[in-house]
Amino acid sequence: MLCPMSGKPTPVRALATNKRARHDYEILDTFEAGMELSGTEVKAARNGKVQLKDSYVEFRDGQAFLVGAHISHYSHGNRENHEPERPRRLLLKKREIEKLFGRTLLKGFTVVPLSMYLKGNWLKVEIALA
């Protein structure tokens, strides 16, 4: 993807990877999703305080949530700091959510996160149907 201002490729910086997912599951399809985060979560994630081990994607009320991902407390946060393992809403198109949810209803399919990264100034998570 090209940066609209400079025309150069958008820099991508990996924050966390889920190596176990690629080992334990057969990856069928991958998607890129944004996340709904609070300010201290973004700052902690930019510092690399993210762990995706044992996390998965859950579907509720027509929305997708990342469950079990650990984003540590921000070191300079105050009493308004976030809860480390709260469910985080994934920002996907409705058609993508319906496709993933439909496939998980089949026996043996699940959706797991593969990696979390910075794409330009945006935090993204790569999820996979496995």
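As a starting point, this report considers the structure included with it. The written sequence of each chain sets the order in which its residues are numbered from 1. Confidence filtering applies because this is a predicted model: local features only for residues at pLDDT of at least 70, side-chain atom pairs given and counted only at 80 or more, and all residues used for totals across whole chains, interfaces and linings. Hydrogens and waters are ignored; side-chain quantities use all the structure's heavy atoms.

## Some words on the overall build of the protein
- Put simply, DSSP H or I for four residues or longer makes a helix, DSSP E for two residues or longer makes a strand, and each gets a number counted from the N terminus. Assigned secondary structure in the protein consists of 3 helices and 9 strands.
- For the protein, the N- to C-terminal ordering of α and β elements is β-α-β-α-β-β-β-β-β-α-β-β.
- Rg of the C-alpha trace for the protein: 15 Å, near the compact-globule value of 14 Å for 130 residues, within the 12% margin.
- In the protein, buried positions account for 37% of the 130 residues.
- Whether two residues touch is decided by their heavy atoms; if any such pair falls within 4.5 Å, the residues are in contact. Residue pairs in contact within the protein that sit at least 24 positions apart in sequence constitute 64% of those at least 6 positions apart.
- For the protein, the accessible surface area stands at approximately 8,400 Å², while carbon and sulfur atoms represent 50% of it.
- The sign given to each residue is positive for Lys and Arg and negative for Asp and Glu; His and the chain ends receive no count. Where a charge lies is defined by one atom per residue type, namely NZ (Lys), CZ (Arg), CG (Asp) and CD (Glu). With 22 positive and 15 negative side-chain charges, the protein shows a spacing of 6 Å between the two charge centroids. Both definitions apply: the radius of gyration is a C-alpha atom measure, and the globule rule equals 2.2 Å times residues to the power 0.38. Accessible area is worked out with a 1.4 Å probe on protein chains only. A residue is then buried under 20% of its type maximum, exposed over 50%, and partly exposed in between. Areas reported here follow the Shrake-Rupley algorithm with a probe of radius 1.4 Å; residue values treat only the protein chains shown as occluding.

## A short note on the sheet that holds strand 4 (residues 56–60)
- Any two strands with at least two DSSP-identified bridges between them are counted as paired. Taken together, the 7 strands give an open sheet; going across it, the order is 1-8-9-2-7-5-4, and neighbouring strands pair in antiparallel fashion. Every interior strand has two partners, whereas the edge strands, strand 1 (12–17) and strand 4, have only one. Pairwise comparison of adjacent strand axes, ignoring direction, gives a mean angle of 40 degrees for this sheet.
- Note on method: axes are straight lines fitted to C-alpha atoms, helices fitted across the in-contact stretch only, with angles between N-to-C directions ranging 0 to 180 degrees. Docked against the sheet, helix 2 (residues 39–46) engages strand 1, strand 7 (88–91), strand 8 (111–119) and strand 9 (122–129), running at close to 95 degrees with respect to strand 1.

## A short note on the environment of Glu 26
- Mapped onto the secondary structure, Glu 26 falls in the loop between helix 1 (19–24) and strand 2 (29–35).
- Classification of Glu 26 as exposed rests on a relative accessible area of 62%.
- As for Glu 26 and Ala 128, which are separated by 102 residues in sequence, their C-alpha atoms are 9.5 Å apart.
- Apart from the residues within four sequence positions on either side, Glu 26 is in contact with Leu 129 and Ala 130.

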